[in-house]
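Each chain, letter by letter, is given below.
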Amino acid sequence: MIVEKFAIGQSVRRREDPHLLRGRGRYSDDVTLPREAFGVVVRSPHAHARIRSVSVAAARTAPGVVAVLTADDLAADGLGHLPTDASRKRRDGTPAFATPRPALARERVRHVGDPVAFVIAETPAQAADAAERVRVEYEALPAVAATSDARRPGAALVWDEAPDNVAFVWEAGHRDAVARAFETAAHVTRLDFIVSRVAAAPLEPRGAVGEFDQRTGRYTLHTGIQAPHGLRTLLAEQIFRVPHSHLRVVTGEVGGSFGMRSGVYPEHVLVLWAARRLGRPVKWTSSRREGFVTDEHGRDNVSTAELALDAGGRFLGLRVAITLNVGAYLTPRSAGPGTNNVGGLAGVYTTPAIHVQTTGVYSHTTPTGPYRGAGRPEATYAIERVIDVAAHERGLDPVELRRRNLIPAAAMPFKTGLVFTYDCGDFGRGLEMALARADHGAFAKRRAEARERGMLRGLGLANPIEVAGGPYTAVNPDTAELRVNADGSVSLFAGSTSMGQGNETAFAQIVSERLGVAPERIHVFWGDSDALGAGRGNGGSGALTVGGSAVLRAIEKVIERGRRIAAHLLEAAPADVGLRDGRFSVAGTDRGVTFAAVARAAYQARSLPRDLEPGFSETAAFTPPAVTFPNGCHVCEVEIDPATGAVRIVRYTVVDDVGRMVNPMLVKGQIHGGVVQGLGQGLFEDLAYEPTTGQLLAGSFMDYAMPRAEDVPLFEVDSYEVPTQVNPLGAKGVGEAGTVGALAALLNAVNDALAPLGVRHLDMPLTPERVWRAIHDAGVTPRRTA
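Basis of the calculations
Residues numbered from 1 in each chain as written. Predicted model: local features only at pLDDT ≥ 70, side-chain atom pairs only at ≥ 80, totals over all residues. Heavy atoms only, no water. Phe/Tyr/Trp six-rings, centres within 6.5 Å; stacked < 30°, edge-to-face > 60°. Helix = DSSP H or I, 4+ residues; strand = E, 2+ residues; numbered from the N terminus. Buried < 20%, exposed > 50% of the residue type's maximum accessible area, 1.4 Å probe, protein only. Lys NZ or Arg CZ within 6 Å of the ring centre and 35° of its normal. Pairing = 2+ DSSP bridges. Core = buried A, V, L, I, M, F, W, Y, C linked by side-chain atoms within 4.5 Å. Axes fitted to C-alpha atoms, helices over the stretch in contact; angles between N-to-C directions. Left-handed = near helix turned anticlockwise from the far one by under 90°. Contact = heavy atoms within 4.5 Å. Nonpolar A, V, L, I, M, F, W, Y, C, P; charged D, E, K, R; others polar. Polar contact = N/O pair within 3.5 Å; in protein donor to acceptor, adjacent residues only side chain to side chain. Salt bridge = Lys/Arg side-chain N within 4 Å of Asp/Glu carboxyl O. Parallel < 35°, antiparallel > 145°, perpendicular 65-115°, else oblique.

Considering the packing of aromatic side chains
Here's step 1: For the structure on display, the rule yields 15 aromatic pairs.
Here's step 2: With a centroid separation of 5.7 Å and an interplanar angle of 75 degrees, the aromatic rings of Phe315 and Tyr349 are classed as edge-to-face. One end of the pair, Phe315, is in strand β14 (residues 315-327); the other, Tyr349, is in the loop between α10 (336-339) and β15 (353-362), and 34 residues separate them in sequence. The burial state of Phe315 is the same as that of Tyr349; both residues are buried.
Here's step 3: Feature note: the residues Phe420, Tyr422, Phe427 and Phe629 constitute an aromatic cluster, connected by ring pairs.
Here's step 4: For Arg206, the ring lying beneath its charged end belongs to Tyr265, and the centroid distance is 3.8 Å.
Here's step 5: One Lys or Arg, Arg319, reaches over the ring of Phe182 and ends 4.2 Å from the middle of that ring.

What follows is the structure, given as structure tokens:
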């Protein structure tokens, strides 16, 4: 009975929550090792400057100081640079400049927060005090921060080797076919828009603890990271140049990542390097203010979308140009949001011809990288926003315009006009379900009632589709080891990590259902590069679709081994033995043996067939043959006070198809969190820089607004399942689904509310001041009715 309640498809409460809620989690800063010292990074206060000198004499004599390390020390020890992206090309096809990035800046700094020196002391306070004694002489240089300014003539150069500040140029689609579509179009809508720069701002700041074993020459890094095996590979091969066996990465609980913890940071290198030099562990923990200028930022692009339509409102072609701000350094993660996931520009529509060009530009700002959705929200925003503008220009209902262009379920599999072939989906069903749940038919009445009160009301929708869990060539397949112990309990070692989304619960549900083992007898481990030979980690909504599939394959191998052992015990043919409800039985008889008894026999050589070695463990890997496509429909309804410009979200409805759901409650939780992150960016999140000095103007929560519970309504969330055949679970992924649709739905709703005033388009963030100015500029006098 217990096992049945813990099966796939059940809304089981998270196993992780009891210890996390009681403060018993083990995060990076909770790692405390004997003789541990503490590090503080001295950082550049300038966005662009030449380093004239670094004086550390006063710092080295400060109380408690163990060492002060500089770029000269780093170079003398021969450590490699942080990796760049060697795959990118410039406009002429030549390789993109490989930006050198040592763990401590040498000669020049290129953004506020660039690391210059590393101070290690006996206590965090002593390290912080000593860091203030480090004297760095800078020669300030001109800077450029704004995406739209980076390519202008005369703009300050981030790298002399990139004289136009262009990092790379990438394009996809059919340029000539799009040009022909626009030539024959009855109407063309053009929209220039901005997707703002945001901070990941996870609950847990970044941290790292480095160890070095002088007996074995082996490094151990404790840090919250999405892909421990990937980080181990980068550190071992490119920076410390040691065998993989000499470097271990351990990740415990992680208080959120959202893509920000997906790569190597200078501090990972610094703590390991310092630990080796000092012969003792070194810990570094970011302050919140420090995180604002060092954690990779998200989004930040300036784009143009053009949509060509025929006289009947059918989409003929779509052309999108993206300028993506990569910040000061081109990392392996910089280009992804503007290249890997832009296939989502096709949306759920039949547009036959699409072309996109992405131009990455340098600026004197913190490097950007993946942030929940990593290009998917931007792509959905582009197509869904330009559809709404086109509908208003043509005098059409935005819903009806979408209906005319939806891909029908009967057309699956469907080759889109850009990159992707959708394997399955019923987009029309999701749209109609969402409209019904949102009571779309009565919106006109609600709008009229709001008008009587002097308020502006708007409704916006978005039909997001995203790519998830694919066979990315640079990423290892995910791996799982299932170890059945002699008492029948199960230890699962997963290559997928958990950033807080409940993987431990979902994986245990899969094991419990398939093996018939009670959940309290299942323990899930993850995050240790020593535990498995390879692991994909977490990212791209693939922890369950890929990692869960690896778990399922390991389970299948265990069952097969168990069938052979059970058949030997029961003197039957293995083909006649099956496992059900925790018991191996011979088909057509009442003879059987429990799973626990088989586990016990597995470790007794005399109870085994001669060709089987003792043990009951299996390892499996899974690389998906293709990507999956979670999709859905978001409907957002807002009310605006024209006297203040304040936007209030009064209703929000989501209907999603994420394939087969292992745990519907976890799915709903992921959608809730994702929607809030999208709404937060749309309403007020903005990492604003002063455009000519590169100084961050929103460097704390006093200046950077985060969404609160009172800013959002209770969400109405529904789902329908169209399982994929790409993986054995039939799951499509859900981690980013909420965010992908929220930006477009919110912006469409607010612009719909403002449309009667003659406002064509208002960019994010939709702060009260920005909305009020739009209303004021439209010449509207606010009217309130009591």
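That shown, we press on.
Observations concerning the sheet that holds strand β4 (residues 108-109)
Here's step 1: Read across the sheet, three strands follow the order β4-β2-β6 without closing on themselves; strand pairing throughout is antiparallel. If you trace the sheet from one side to the other, it starts and ends with β4 and β6 (135-140), each paired once.
Here's step 2: Where strand β2 (residues 49-55) and β4 come together, two bridges link them in antiparallel fashion. Bridge pairing links Ala49 to Val109 in β4.

Focus on the nonpolar core
Inside soluble globular proteins, nonpolar side chains tend to come together where they are buried.
Here's step 1: Core analysis: the largest hydrophobic core is formed by 105 residues, its most contacted members being Tyr652 and Leu746.
Here's step 2: For this core, the element with the highest residue contribution is helix α19 (residues 737-754), accounting for eleven residues.
Here's step 3: Ala506, Ile555, Phe584 and Val593 belong to the second-largest nonpolar core, a separate cluster that totals 50 residues.

Some points on the sheet that holds strand β22 (residues 577-580)
Here's step 1: An order of β22-β23-β24 is seen for the three strands of this open sheet, with the pairing classed as antiparallel. One side of each edge strand has no neighbouring strand; the edge strands of this open sheet are β22 and β24 (592-594). When strand polarity is set aside, the average angle formed by the axes of neighbouring strands in this sheet is 20 degrees.

Some details on unusual backbone geometry
Here's step 1: Cis rather than trans, the peptide bond between Met412 and Pro413 has omega equal to -5 degrees.
Here's step 2: You can see Pro413 is positioned in the loop between α12 (398-405) and β16 (414-415).
Here's step 3: The amide bond that connects Met764 to the next residue, Pro765, takes the cis arrangement and shows omega of -5 degrees.
Here's step 4: Inspection of the secondary structure puts Pro765 in the loop between α19 and α20 (768-777).

A few points about the packing of helix α11 (residues 376-394) against α12
Here's step 1: Viewed as axis vectors pointing N to C, α11 and α12 meet at an angle of 115 degrees, and their least axial separation amounts to 9 Å. Note on packing geometry: the crossing formed by α11 with α12 is right-handed. Seen from α11, the contacting residues are Glu384, Ile387, Asp388, Ala390 and Ala391; seen from α12, they are Pro398, Leu401 and Arg402.
Here's step 2: In terms of residue class, the contact of α11 with α12 is made up of five nonpolar, no polar and three charged.

With respect to the environment of Asn631
Here's step 1: Position of Asn631 relative to the elements: it lies in strand β26 (residues 631-640).
Here's step 2: With 532 residues separating them along the chain, Asn631 and Thr99 place their C-alpha atoms 37 Å apart.
Here's step 3: Setting aside chain neighbours within four positions, we find Asn631 in contact with Phe427, Pro464, Ile465, Val655, Asp656, Asp657, Tyr720 and Lys732.
Here's step 4: Of the polar contacts made by the side chain of Asn631, one reaches the backbone oxygen of Phe629; its length is 3.1 Å.

Re the pattern of salt bridges
Note on pairing: side chains with opposite charge can pair once their charged atoms come close.
Here's step 1: This structure, assessed with the given rule, holds 58 salt bridges.
Here's step 2: Across the pair Glu139 and Arg50 runs a salt bridge whose closest N-O atoms are separated by 3.2 Å. Placement of Glu139 in strand β6 and of Arg50 in strand β2 is noted, with a sequence separation of 89 residues between them.
Here's step 3: Using a relative accessible area of 26% as the deciding quantity, one classes Glu139 as partly exposed.
Here's step 4: For Arg50, a relative accessible area of 31% puts it in the partly exposed group.
Here's step 5: Close ionic contact of Arg261 with Glu204 constitutes a salt bridge, the shortest N to O distance being 3.7 Å.

Thoughts on the environment of Arg197
Here's step 1: Turning to its location among the elements, Arg197 is positioned in strand β8 (residues 187-198).
Here's step 2: Overall, Arg197 belongs to the buried group, its relative accessible area being 3%.
Here's step 3: In sequence terms Arg197 and Tyr689 are 492 residues apart; their C-alpha atoms lie 9.6 Å from each other.
Here's step 4: Of the polar contacts made by the side chain of Arg197, one reaches the side chain of Asp300; its length is 2.7 Å.
Here's step 5: From its side chain, Arg197 meets the backbone oxygen of Thr366 in a polar contact 3.0 Å long.

What to know about the pairing of β26
Here's step 1: Buried residues dominate β26, accounting for ten of its ten residues.
Here's step 2: In terms of strand pairing, strand β18 (residues 456-462) meets β26 through seven bridges, oriented antiparallel. Note that in β26 the partner of Arg457 across the bridge is Glu639.
Here's step 3: Here ten bridges tie β26 to strand β27 (residues 647-657), and the two strands are oriented antiparallel to one another. Bridge pairing links Asn631 to Asp657 in β27.
Here's step 4: Linkage of β26 to β27, two consecutive antiparallel strands, is achieved through a turn of six residues, within which Gly645 is found at a positive phi near 80 degrees.

Some points on the packing of helix α18 (residues 664-683) against α19
Each pair of packed helices can be described by the angle between their axes along with the distance between the axes.
Here's step 1: It is the contact of α18 with α19, at a shortest axis distance of 7 Å, that shows an interaxial angle of 40 degrees. By the criterion of interaxial angle, the relationship of α18 to α19 is oblique. Taken as a pair, α18 and α19 cross one another with a handedness that is right-handed. Counted together, Ile671, Gly674, Val675, Gln677, Gly678, Leu679, Gln681, Gly682 and Leu683 of α18 and Gly738, Thr739, Ala742, Leu743, Leu746 and Leu747 of α19 form the full contact between these two elements.
Here's step 2: Class assignment of the residues belonging to the contact of α18 with α19 gives a composition of eight nonpolar, seven polar and no charged.

A word on the pairing of strand β20 (residues 490-494)
Here's step 1: Taking burial as the measure, the five residues of β20 include five buried ones, the bulk of the element.
Here's step 2: Alternating residues of β20 divide into Val490, Leu492 and Ala494 and Ser491 and Phe493, and every residue in both groups is buried.
Here's step 3: Sheet topology places strand β19 (residues 478-484) next to β20; five bridges connect them, and they run antiparallel. Pairing of Arg483 across the sheet is with Ser491, part of β20.
Here's step 4: The antiparallel hairpin formed by β19 and β20 contains five residues in its connecting segment, where Gly488 sits at a positive phi of about 90 degrees.
Here's step 5: In the sheet, β20 pairs with strand β21 (residues 522-526) via five bridges, with the strands oriented parallel. Bridge pairing in β21 places Ala494 opposite Trp526.

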